[in-house]
Every structure is written in structure tokens, then in C-alpha cells.
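Coordinates in review
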Amino acid sequence: MGLLDILLGRTKPVAPDLDQLFALPSAAVTLEAAAGFTPTGRGAVCFATVEGGAFEQTHREVQALLDADAERTGPPVELTQDAYGYSWLVSHRAPDQLSALVNDLHAVNSAMEVNGFGPQLLCSLAGFGDDAGRRLALVYLYKRGTFFPFAPLAGDGQRRDSSLELQVKSMLGNDLRIEQDLSRWFPVWGAPGL
């Protein structure tokens, strides 16, 4: 960062720290004890799709790697595209296998990064639910190296439970690096891993 950047108030972007994903299992314990939310066993990595053989080869290799896991039960890893044109690589695990799900998310992010597609990574999420039917995602922002909670309200509209999100923020402040800029807590409507 140069003198001109300092004078103009520019800051250096935060480097992604994929190891932050490994804090999710301990955060899940806190989340269950404090609010009754348990893992759903679903998670996903979102990235901007790039045309080209190298990108196609990378996501096929990642998908094959994750599907080769002998301990995986249920549906294989799937690649979907949302209404906004973003791609999601979705992993399904048993709800009590959050650590394995985190390993899947880390493997996808790492493979994309190593193959030069880090700039296309947007976020990763792990899904949670409670006995009342509420849904919650802990979303990891790749380019910020931080997490934020996303809690969509049940029903037809695109509304979120902001008070629950703020409660989760205060609950998990010691477990996860929470994004402090609330304007970066963007909604992930229709995220397939939620």
C-alpha cells in the first residue's frame, strides 16, 4: 500500500483465509447451545461461471474428488446454476457430519484458488435449522475472509429475519470472524445449500 492509498483512504483488501472455514464446527456447538440451531448437512460454494476448458476441467475434477469419498452417503455433489447466473457446487452430508461438509467446502475453494480461479469465488455457506422450521446459513465471504448469518423468513416473499441474524452475530463473535460491515451481508435467495 502506497502513500497515495493512505492519503485517499484506500485499504488493502483482506486476503482470503480458507482455514476460517474450519471454525464452523465449534460455531455450530455454540449455535445449538444458544439458539437450538443444528446443521442440516447441506452446504455450497458459489462462484461466477467462466467459459473455457480449464475452468470446466477444474470443477469436474473437484466434483469427482468429492464424489469419490467412500464415507459419503446420500446424493452426490451437484453443480447447479441460480437465477442470477452464478454456479453453486452443492454438497450433502448427514447432519452430524459437519466436519466432513467443511472439508468439502474447503476442498472446492482450495482447488478453485490453486487453479487460478480464486477471483471467481464469491461465498460458501453451511445450512442450519431449528425445531420451529427456521432456516439459517452461515455464509463465508471469500474476498473478505469473514462470515455473516443469513436467515430467510418462511413464505413466498424474499424477506429475512434481521433480528435473528443480529442475535447470531452476537452469539458467534468469539467463534467466527464476523463481517462487521452490515452492508456486506447480502441475501443469498434461493441458495441451493440452504
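Relevant structure appears above.
Parameters at a glance
- Residues numbered from 1 in each chain as written.
- Predicted model: local features only at pLDDT ≥ 70, side-chain atom pairs only at ≥ 80, totals over all residues.
- Heavy atoms only, no water.
- Salt bridge = Lys/Arg side-chain N within 4 Å of Asp/Glu carboxyl O.
- Buried < 20%, exposed > 50% of the residue type's maximum accessible area, 1.4 Å probe, protein only.
- Pairing = 2+ DSSP bridges.
- Helix = DSSP H or I, 4+ residues; strand = E, 2+ residues; numbered from the N terminus.
- Axes fitted to C-alpha atoms, helices over the stretch in contact; angles between N-to-C directions.
- Contact = heavy atoms within 4.5 Å.
- Expected span 1.5 Å × (residues − 1).
- Arc of directions from axis to C-beta.

Moving on: the pattern of salt bridges. Two side chains with opposite charge may pair up if their charged atoms get near one another. Using the criterion set out here, one finds seven salt bridges in the structure. With its nearest N and O atoms 3.5 Å apart, the salt bridge here joins Arg 184 to Asp 181. Using a relative accessible area of 31% as the deciding quantity, one classes Asp 181 as partly exposed.

Across the sheet, six strands lie side by side as β2-β3-β1-β4-β5-β6; this open sheet has antiparallel pairing. The outermost strands of the open sheet, each flanked by one partner alone, are β2 (78-81) and β6 (146-150). Across the sheet, the mean angle from the axis of one strand to that of its neighbour is 25°, orientation sign disregarded. Bridge analysis of strand β5 (residues 135-141) against β6 gives five bridges, and the strand direction is antiparallel. Bridging across to β6, Leu 141 finds its partner in Thr 146. Along the sheet, helix α3 (residues 53-67) contacts β1 (38-48), β2 and β3 (86-92); its crossing angle with β2, the most-contacted strand, is approximately 135°.

What follows covers the environment of Ala 35. Mapped onto the elements of the fold, Ala 35 is located in helix α2 (residues 24-35). Once residues lying within four places of it in the same chain are set aside, the contact partners of Ala 35 are Arg 134 and Met 171.

Glancing now at α3. Counted at 1.5 Å a residue, the expected span for α3 with its 15 residues is 21 Å, and the 21 Å between its end C-alpha atoms agrees. Within the span of α3, buried status applies to Phe 55, Thr 58, His 59, Val 62, Gln 63 and Leu 66. For α3, the buried positions fall inside an angular range of 125° around the axis, keeping them on one side. Of the exposed residues in α3, those oriented more than 90 degrees away from the buried face are Gly 53, Ala 54 and Leu 65.

Within helix α5 (residues 162-171), the full set of buried residues consists of Leu 164, Glu 165 and Val 168. Seen end-on, α5 carries its buried residues on one side only, within an arc spanning 100°. Those residues of α5 that are buried lie in contact with α2, β5 and β6.

Let's shift gears to the pairing of β5. Counting buried positions along β5 gives six out of seven residues, so the element sits mostly inside the fold. As defined by bridge partners, strand β4 (residues 121-129) adjoins β5 across seven bridges and the pair is classed as antiparallel. Residue pairing in the sheet places Gly 129 in a bridge with Arg 135 of β5. Hairpin geometry of β4 and β5 is characterised by an intervening segment of five residues between the two adjacent antiparallel strands and by a positive phi of about 90° at Gly 133. A loop of four residues connects β5 with β6, the two strands running antiparallel in sequence, and Gly 145 in this loop sits at a positive phi of about 70°.

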